[in-house]
Amino acid sequence: ITITVVTVVYLCSKVIQMAVTIKVLLFASAREAAENISDVDLSLEDGSDTSTFRKVMAERYPKLSEMVMDEESLTLALNEEYVPTGQAIPLKNGDTIALIPP
């Protein structure tokens, strides 16, 4: 008796895209422009910064777009620290960003 054993190995290539999840707090006119949402969890690509965050929020909430893209109009606070105008600060998992309108 001849027994032939054939082993087949399937290789799966899986692309894993890392992400960071942050909590977003919206106040006053920013909250109103975002459909009266006061807070939301937001997933961003790994390596995202506060500049990327502004772009994603503008895309997700079109009525908030003009305000969130104008650094003079809307201040960001990252983990209770103001983000200086013109600076793009890297984000990490678990961060909290507050949108603070004038």
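A short tour of the structure in this document, coming up. Sequence order as written defines residue numbering, which begins from 1 separately in each chain. It should be noted that, the model being predicted, local features are given only for residues of pLDDT at least 70 and side-chain atom pairs only at 80 or more, the latter also being counted only at that level, while totals for whole chains, interfaces and linings use all residues. No hydrogens and no water enter the side-chain calculation; it runs on all heavy atoms of the structure.

1. Side note on the overall build of the protein chain
Across its full length, the protein chain holds three helices and five strands. Helices and strands appear in the protein chain in the N-to-C order β-α-β-α-α-β-β-β. Taken across its 102 residues, the protein chain has 31% of its residues classed as buried. Taking the contacts inside the protein chain whose residues are at least 6 apart along the sequence as the reference set, 51% of them involve residues at least 24 apart. Only the protein chains shown count as covering a residue, and every accessible area follows the Shrake-Rupley method with a 1.4 Å probe. Carbon and sulfur atoms make up 52% of the accessible area of the protein chain, which totals about 7200 Å². Going along the chain from the N terminus, every DSSP run of H or I of four or more residues is numbered as a helix, and every run of E of two or more is numbered as a strand. Categorising residues by exposure relies on relative accessible area from a 1.4 Å probe, with only protein chains included: less than 20% of the type maximum marks a residue as buried, more than 50% marks it as exposed, and the intermediate range marks it as partly exposed. The contact definition used throughout considers only heavy atoms, calling two residues in contact when any of these lie within 4.5 Å.

2. Some remarks on the nonpolar core
Among the buried residues, those of types Ala, Val, Leu, Ile, Met, Phe, Trp, Tyr and Cys that are joined through side-chain atoms within 4.5 Å form a nonpolar core. Membership of the largest hydrophobic core comes to 24 residues, with the highest contact counts inside it found for Val24, Phe53, Met57, Leu64 and Leu99. Contributions of two or more residues to this core are made by strand S1 (19-26), helix H1 (28-33), strand S2 (39-45), helix H2 (50-60), helix H3 (65-69), strand S3 (75-78) and strand S5 (96-100). With four residues, the top contributor of residues to this core is S1. With residues near it in sequence (within four places) discarded, Val24 still touches Ser38, Asp39, Val40, Leu42, Phe53, Met57, Ile97 and Leu99.

3. What to know about the sheet that holds strand S4 (residues 81-82)
A pair of strands counts as paired when DSSP detects no fewer than two bridges linking them. The strand order across the open sheet built from five strands is S2-S1-S5-S3-S4, with neighbouring strands paired in mixed fashion. In this open sheet, the two edge strands, each paired with only one partner strand, are S2 and S4. Taken together, the two bridges between S3 and S4 define a ladder with antiparallel strand orientation. Opposite Ala77, over in S4, you have Tyr82 as the bridge partner. Across the sheet, H2 lies against S1, S2, S3 and S5, angled at about 120 degrees from S2, the strand it touches most. The axes used here are C-alpha line fits, helices contributing only the stretch in contact, and every angle between their N-to-C directions lies in the interval 0 to 180 degrees.

4. Let's talk about unusual backbone geometry
Across residues other than glycine, the phi torsion is negative in most instances, and most of the peptide bonds are trans. Unlike most non-glycine residues, Asn36 shows phi in positive territory, near 60 degrees. With respect to the secondary-structure elements, Asn36 resides in the loop between H1 and S2. On the basis of relative accessibility, which here comes to 56%, the residue Asn36 falls in the exposed class. Backbone geometry places Asn79, a non-glycine residue, at a positive phi of 50 degrees. With respect to the helices, strands and loops of the structure, Asn79 is situated in the loop between S3 and S4. By relative accessible area, which is 35% here, Asn79 ends up partly exposed.

5. Let's talk about the environment of Ile97
With respect to the helices and strands, Ile97 occurs in strand S5. Measuring from C-alpha to C-alpha, the distance between Ile97 and Leu76 comes to 6.5 Å, with 21 residues separating the pair along the chain. If sequence neighbours within four positions are ignored, Ile97 has contacts with Ile22, Lys23, Val24, Leu25, Phe53, Leu76, Ala77, Leu78 and Leu91.

In short, geometric facts, not functional conclusions.
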